[in-house]
Amino acid sequence: MLRRFPCLPIRIQFGRACARLLFRMPVSTAPLASSAPSRFAFWTRRFAAVLVIFILLGAIAVAGGRIWLHRALQVSLPVLDGNIALAGLQDPVRVERSEHGIPHIIAANMDDLIFAQGFVTAQDRLWQMDMLRRHAAGELAEVLGSNFIQHDRLQRTLQVRAAADRAITQLDPQERHWLDVYARGINAFVDANLNRLPAEFRILGYTPRPWTARDSLLVGFAMAEDLSTGYPDKLNRETVSAKLDPALQADLYPVGSWRDHPPAEGKPDLTQPTPFEPIPLDSSQAALRTPAHTQDLLALQHEIATYVSHYRCDGCTAGSNNWTISGAHTANGHPLLSNDMHLALGIPGIWYEADLEAGDFHAAGVTLPGVPFIIMGHNQHIAWGFTNSDADVQDVYIENIANDRYQTPDGGWHPLQHAQETIHVKHSSDVQWDVALTQHNGIPTPILTPLYPHEKRQLALQWVIYDPTNASAPFYRVDKAANWDEFLTAFQTFGAPSQNVVYADDAGHIGYHLIGKVPLRGTSGLAPVAVASGNYEWTGYIPFDKLPQVFDPPSSIIATANARITPDDYDLPITLDWNAPYRNERIWKVLGTDKKFTAADMLALQNDVYSDFDKTLAQRISYAVDHARNPSKRLRQAADILRNWNGQVTIDSPAPSIVAATTTALWPMLLEPHLGESWKLYTWRARSFALEQIVSDAPMRWLPKEYEDWNEFLTAALDRGLNTSRAPSNLASWKWGDVNRLEIDHPLFGKTPLLRRLIGMQTGTGNWPLPGNGYTVRPGLPKNGASERFTVDPTDPKNATMIIPLGQSSNPLSPWYMDQFQSWLHQGTLPLPFDTQQTSHTLVLTPQ
């Protein structure tokens with residue numbers, strides 16, 4: 001050992017002699033007093049040598065890591081051809097893959113079909129499925145570490161996992177059966193591929209636990225949480241309202257608009273919305289003015305925004321479009337149906353395309369990884385598509401609690417329940433978290449107060465998913481329906497999330513129905529803020545046949561886009577917080593022309609980027625500059641650009657950049673004088689329409705005192721917006737595509753430059769300009785957009801089209817990782833396979 005490594009016995013001799021051995025330095029005979037230059041040269045050479053060694057070791061480590069990761073990705077690619085024997089099958093199942101990796105699964109019976117669906121989905125999306133269930137259950141810290149403790153505390157407080165545990169025991173037996181069969185297919189894939197699991201599992205060092213029926217409910221509840229989380233907005237509004245008089249509140253919180261077009265109305269409703277009714281606040285609510293309370297709300301708002309795609313910046317609301325027109329409006333005389341659901345964009349995308357066939361069962365469209373059957377799409381006879389309704393399905397109750405007991409609405413007292421939650425944390429100690437629960441109508445309702453450290457009141461959350469009778473997985477019956485009556489029957493028990501569904505069939509009919517459970521409150525109706533339960537206690541749900549609906553309307557047009565869906569004479573409360581009306585209005589205007597539409601026209605409408613909101617503000621801003629005193633040359637150029645703009649939010653136009661910058665500057669200038677830091681808590685869905693009305697009406701109550709009129713104020717907002725946004729001196733060069741760019745990435749591979757380099761390829765997108773914005777039919781938002789685009793003539797289902805943003809696979813080495821991206825980005829679409837067509841791969845799953 002000493003002969004091989006002469007420098008190891010450091011205590012014997014480490015100085016110049018050891019250095020000579022390492023660096024082959026000649027022996028110096030010069031006196032020590034004159035050796036300063038040689039010592040400097042020695043240490044310089046030594047440092048350089050060590051640096052070279054570290055660089056070489058780093059390069060070796062990176063190369064080795066890249067080889068290891070590339071190998072992990074390579075071996076985890078799914079088997080696409082040949083035969084795989086699996087226990088649990090009754091008969092062979094064929095899996096034919098299209099050129100874009102879309103599986104056409106053909107089975108002899110339904111059990112084998114759903115088993116195979118679970119197996120095939122796991123081939124491409126297993127880690128995503130595991131993350132979805134862990135996200136809902138609050139179990140991310142167990143595999144991702146301490147940075148996710150706060151997330152898990154939030155989810156454990158919301159009791160989503162407990163809700164799924166209760167619901168699975170009361171699920172319809174047939175629906176439970178399909179979830180169990182699907183779970184067996186997923187577990188069969190895991191068992192057969194323990195040494196070939198997706199690379200994410202190997203990087204994080206864990207193996208997924210077996211899939212269960214409850215896990216599928218958790219994935220569904222995650223979608224419900226994403227689309228129906230409203231309690232932060234109620235607490236935000238409570239704080240904002242405590243600082244404003246009724247007139248200012250009415251301006252900020254409109255309920256519907258004159259631009260709305262509910263699906264059951266034959267022509268646009270040009271009347272003004274329902275008059276504003278101020279919500280009385282008690283003394284505890286009126287005192288919500290402390291900076292600490294505001295910071296609590298902002299902190300949780302940020303936490304929710306990290307994981308819930310709909311939680312909002314201005315214009316960033318997750319929305320969707322769907323419409324259907326009868327043959328009276330089409331070139332071939334047959335109905336057309338289109339749908340594009342707007343959700344958070346990520347790698348992989350939220351949807352997985354599939355074509356499922358067994359006997360007389362045949363449906364194609366998108367599936368939700370972790371849940372069986374087709375969620376949105378078509379079968380041989382009908383087609384359907386969804387948008388979010390934004391129904392109010394949560395309430396925040398102010399509870400009276402003393403000595404670990406809570407007071408019920410009838411004045412009685414009952415002991416609090418406690419859920420003791422253990423959060424496992426990777427490489428750290430477990431975290432214990434106590435969740436106190438009250439009950440309303442026998443349903444446990446968690447206390448949210450620990451999420452807000454400065455909140456003095458005890459706040460309980462009521463939510464439709466807490467009622468186990470609302471759990472439903474009806475998509476076998478939906479996928480199999482052959483007509484409107486069967487379709488509606490399938491959805492009668494559907495619980496959450498509340499959705500607008502449009503329908504078309506091969507007999508020429510079209511229809512619309514709101515689905516999902518919407519609570520009926522007591523005598524006080526909807527509560528946009530936290531309330532004492534009392535008159536707001538839930539008394540049931542709106543009966544299914546009383547929900548908004550229409551079948552074969554005289555206009556032969558049906559469309560929804562998250563805006564108000566209730567006609568003027570509808571008397572049951574759905575929500576006070578409808579989405580902005582602009583997309584819906586645009587769709588109705590285009591479809592209401594005399595044109596005879598084709599599928600290509602439907603795609604063009606899905607990619608339409610006209611914004612009447614931006615156009616209206618552009619005209620008002622340019623007018624303000626024209627009438628302001630001494631505007632600068634730069635502001636006059638901005639006004640010229642805005643006044644000549646056609647409202648098309650294209651990537652080469654500077655006008656959208658100018659309007660967006662002005663709007664961003666305008667909100668704090670309007671709100672801070674009244675709300676201070678709390679202005680950031682203003683999160684109304686229709687805030688864009690509120691701003692349009694305020695700017696158009698120019699009420700003196702909103703004009704800041706330092707400005708003599710609204711023209712000066714809007715000109716100042718324009719100037720501040722341009723300066724804050726660092727707009728170029730020549731505004732004509734400030735293209736929207738330079739400002740608005742796609743920002744999506746893989747949740748693991750894209751998080752660090754090291755992993756990007758190890759993969760040696762692009763893992764995400766960030767270099768592409770986006771047309772559109774939050775007010776255009778085509779949503780152009782950096783992290784939120786069309787999660788799919790779908791169009792079908794139900795009389796010709798084999799020629800349906802669909803595209804998803806990226807691809808079927810979550811593996812960067814797969815040819816289906818991002819193969820749909822360029823078509824999606826550039827307004828294209830692709831065929832949606834239905835029936836046996838040309839295939840690129842065929843796999844046969846056989847009974848073992």
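In what follows, the accompanying structure is described. These numbers come from a predicted model, not from an experiment. (Residues numbered from 1 in each chain as written. Predicted model: local features only at pLDDT ≥ 70, side-chain atom pairs only at ≥ 80, totals over all residues. Heavy atoms only, no water.)

**Section: the overall build of the protein**
Definition in use: Starting at the N terminus, helices and strands are each numbered in turn, a helix being any DSSP run of H or I of at least four residues and a strand any DSSP run of E of at least two. Working rule for contacts: check all heavy atoms of both residues, and any pair within 4.5 Å makes them a contact.
Summing up its helical and strand segments, the protein has 25 helices and 27 strands in all. Restricting to contacts in the protein with at least 6 residues of sequence separation, those with at least 24 account for 72%.

**A closer look at the packing of helix H20 (residues 655-675) against helix H22 (residues 710-724)**
Convention followed: Axis lines are fitted to C-alpha atoms, over the contacting stretch for helices. Their N-to-C directions set the angle, which ranges from 0 to 180 degrees. If you view the pair so one helix is near and one far, a crossing is left-handed when the near helix is turned anticlockwise from the far one by less than a right angle, and right-handed when it is turned clockwise. Three categories are distinguished: nonpolar for Ala, Val, Leu, Ile, Met, Phe, Trp, Tyr, Cys and Pro, charged for Asp, Glu, Lys and Arg, and polar for the others, with Gly belonging to the last.
Viewed as axis vectors pointing N to C, H20 and H22 meet at an angle of 115°, and their least axial separation amounts to 7 Å. Taken as a pair, H20 and H22 cross one another with a handedness that is right-handed. For the pair H20 and H22, the contacting residues are Ile-658, Ala-661, Thr-662, Ala-665, Leu-666, Met-669 and Leu-670 in the first and Trp-710, Phe-713, Leu-714, Ala-716, Ala-717, Leu-718, Arg-720, Gly-721 and Leu-722 in the second. Of the residues that constitute the contact of H20 with H22, the class distribution is 13 nonpolar, two polar and one charged.

**Here's the deal with the packing of aromatic side chains**
The cut-off we apply is this: What counts as a ring pair is set by centres within 6.5 Å for rings of Phe, Tyr and Trp (its six-membered ring), and what kind of pair is set by the plane angle: stacked under 30 degrees, edge-to-face over 60, tilted for all other angles. Burial classification: accessible surface area is computed with a 1.4 Å probe over protein chains only, and a residue below 20% of its type maximum counts as buried, one above 50% as exposed, and the rest as partly exposed.
Scanning all chains against the criterion turns up 29 aromatic pairs. The interplanar angle of 90° and the centroid separation of 4.9 Å between the aromatic rings of Tyr-253 and Trp-684 together place this pair among those described as edge-to-face. Linking Tyr-253 in the loop between helix H11 (246-252) and helix H12 (283-286) with Trp-684 in the loop between H20 and helix H21 (687-697), this pair joins segments that are 431 residues apart in sequence. A single burial state applies to Tyr-253 and to Trp-684, both of which are buried. Considering the side-chain rings of Trp-710 and Phe-713, the 5.3 Å spacing of their centres and the 75° angle between planes classify their relative orientation as edge-to-face. Pair noted here: Trp-710 and Phe-713 are both in helix H22, with a separation of three residues, about one helical turn. When sorted by exposure, Trp-710 lands in the same class as Phe-713, which is buried. Members of the aromatic cluster, joined through ring pairs, are Trp-384, Phe-386, Phe-475, Trp-484, Phe-487, Phe-491, Phe-494, Tyr-503 and Phe-551.

**Quick word on the side chain of Gln-128**
You can see Gln-128 is positioned in helix H3 (residues 110-137). Overall, the relative accessible area of 12% leaves Gln-128 in the buried class. If we ignore the near neighbours within four places in the chain, the residues touching Gln-128 are Pro-348, Gly-349, Ile-350 and Pro-369.

**Side note on helix H18 (residues 612-626)**
Two residues of an α-helix separated by three or four positions point the same way, owing to the 3.6 residues in each turn. Our working definition: Here a helix's expected span is defined as the number of its residues, less one, multiplied by 1.5 Å.
In this model H18 runs 21 Å from its N-terminal to its C-terminal C-alpha over 15 residues, within 8% of the 21 Å that 1.5 Å per residue would give. Listed in full, the buried residues belonging to H18 are Asp-612, Phe-613, Asp-614, Leu-617, Ala-618, Arg-620, Ile-621, Ser-622, Ala-624 and Val-625. Tucked inside the fold, the buried residues of H18 contact helix H16 (582-591), helix H19 (633-643), H20, H21 and H22.

**With respect to the sheet that holds strand E11 (residues 401-402)**
Cut-off, in case you're wondering: In short, DSSP must find at least two bridges between two strands for them to pair.
Read from one edge to the other, the open sheet built from three strands follows the order E11-E12-E13, with strand pairing classed as antiparallel. The open sheet has two free edges, formed respectively by E11 and strand E13 (413-415), since each of these has just one partner strand. The pairing of strand E12 (residues 405-407) with E13 spans three bridges and is antiparallel. Looking across to E13, one finds that Tyr-406 is bridged to His-414.

**With respect to the sheet that holds strand E2 (residues 93-97)**
In any sheet, the strands associate via hydrogen bonds between backbone groups, in a parallel or an antiparallel arrangement. Pairing in this open sheet of 11 strands is mixed, and the strands run E1-E27-E2-E3-E6-E7-E8-E9-E18-E19-E22 from one edge to the other. With partners counted over all chains shown, the strands left at the sheet margins are strand E1 (82-86) and strand E22 (549-551), one partner each. Pairwise comparison of adjacent strand axes, ignoring direction, gives a mean angle of 20° for this sheet. Here strand E7 (residues 361-367) pairs with strand E8 (residues 376-379) via four bridges, running antiparallel. Within E8, the position partnered with Ala-363 by the bridge is Asn-379. Packing against the sheet, H3 makes contact with E1, E2, strand E3 (103-107), strand E6 (352-358), E7 and strand E27 (841-847), and its axis sits at approximately 160° to E6. Strand contacts of helix H15 (residues 484-491): strand E9 (382-388), strand E18 (499-505), strand E19 (510-515) and E22, with the helix running at about 10° to E19, the strand carrying the most contacts.

**With respect to the side chain of Thr-387**
Convention followed: Under this definition, polar contacts are N or O atom pairs within 3.5 Å; protein pairs additionally need one hydrogen-donor-capable and one acceptor-capable atom, and for neighbouring residues in sequence, both atoms have to be side-chain atoms.
Within the secondary structure, Thr-387 sits in strand E9. The buried category is assigned to Thr-387, whose relative accessible area is 1%. Side-chain polar atoms of Thr-387 contact the side chain of Thr-560, separated by 2.8 Å. Ignoring anything within four residues of it in the chain, the contact list for Thr-387 reads Ser-320, Asn-321, Asn-322, Gln-499, Asn-500, Thr-560 and Asn-562.

**Description of the nonpolar core**
Threshold: To qualify as a nonpolar core, a set must consist of buried Ala, Val, Leu, Ile, Met, Phe, Trp, Tyr and Cys residues joined through side-chain atoms within 4.5 Å.
Core analysis: the largest hydrophobic core is formed by 139 residues, its most contacted members being Met-110, Leu-113, Trp-351, Phe-386, Phe-487, Phe-491 and Leu-845. Residue contributions to this core peak at 15 residues, all from H3. Apart from the residues within four sequence positions on either side, Phe-487 is in contact with Ile-382, Trp-384, Val-478, Ala-481, Val-501 and Tyr-503. Grouped together as the second largest cluster of nonpolar side chains are 54 residues, Ala-638, Trp-645, Ala-661 and Leu-675 included.

**A closer look at unusual backbone geometry**
A cis amide bond links Ile-347 with the next residue in sequence, Pro-348, at an omega value of -5°. Position of Pro-348 relative to the elements: it lies in the loop between strand E5 (336-344) and E6. Residue Pro-497 follows Ala-496 across a cis peptide bond; omega there is 0°. Relative to the assigned elements, Pro-497 resides in the loop between H15 and E18. Phi at Ala-698 is positive, roughly 50°, even though this residue is not glycine. Checked against the element boundaries, Ala-698 lands in the loop between H21 and H22. Of the residues examined, Ala-698 reaches a relative accessible area of 21% and is grouped as partly exposed.

**Description of the environment of Arg-166**
Here Arg-166 lies in helix H6 (residues 160-168). Along the sequence, Arg-166 and Asp-467 sit 301 residues apart, while their C-alpha atoms lie 8.4 Å from each other.

**A look at the packing of H3 against helix H7 (residues 173-192)**
Our working definition: Roughly parallel means an angle under 35 degrees; roughly antiparallel, over 145; roughly perpendicular, 65 to 115; everything else is oblique.
Contact geometry for H3 and H7: axes closest at 7 Å, N-to-C directions at 55°. One way to sum up the angle between H3 and H7 is to call them oblique. Crossing handedness for the pair H3 and H7: right-handed. Together, Met-110, Asp-111, Ile-114, Phe-115, Gln-117, Gly-118, Phe-119, Thr-121, Ala-122, Gln-123, Leu-126 and Met-129 of H3 and His-177, Trp-178, Val-181, Tyr-182, Arg-184, Gly-185, Ile-186, Ala-188, Phe-189 and Val-190 of H7 make up the contact between the two elements. Class assignment for the residues of the contact of H3 with H7 results in 14 nonpolar, six polar and two charged.

**Concerning the pattern of salt bridges**
Working definition: two side chains of opposite charge can pair if their charged atoms are close together. As a reminder of what qualifies: Note on definitions: salt bridges are taken to be side-chain nitrogens of Lys or Arg within 4 Å of carboxyl oxygens of Asp or Glu.
The final tally for this structure, using the stated rule, is 39 salt bridges. Of the charged contacts in the structure, one is a salt bridge between Arg-94 and Glu-96, with a shortest N-O distance of 3.0 Å. A salt bridge links Glu-139 to Arg-161, with the shortest nitrogen-to-oxygen separation between them at 2.7 Å. In this pair, Glu-139 sits in the loop between H3 and helix H4 (141-144) while Arg-161 sits in helix H6, placing the two residues 22 residues apart along the sequence. Using a relative accessible area of 7% as the deciding quantity, one classes Glu-139 as buried. Residues joined in a network through salt bridges with shared partners are Asp-130, Arg-133, Arg-134, Glu-139, Glu-142, Arg-156, Arg-161, Asp-165, Arg-209, Arg-214, Asp-215 and Glu-421.

**Let's talk about H15**
What counts here: For this quantity, the arc is that covered by the directions from the helix axis to the C-beta atoms.
Considered for burial, the residues of H15 that qualify are Trp-484, Phe-487, Leu-488, Ala-490 and Phe-491. All buried residues of H15 lie within an arc of 155° about the axis, which places them on one face of the element. If you follow the buried residues of H15, they end up packed against E9, helix H14 (475-480), E18, E19 and E22.

**Details of the pairing of strand E15 (residues 431-440)**
The buried fraction of E15 amounts to seven of the 10 residues, a majority that puts the element mostly inside the structure. Strand direction decides the pairing type here: E15 and strand E16 (residues 443-446), joined by four bridges, are antiparallel. What sits directly across from His-440, in E16, is Ile-443. Counting the residues that bridge the hairpin from E15 to E16 gives two residues, and of these Asn-441 lies at a positive phi of roughly 55°.

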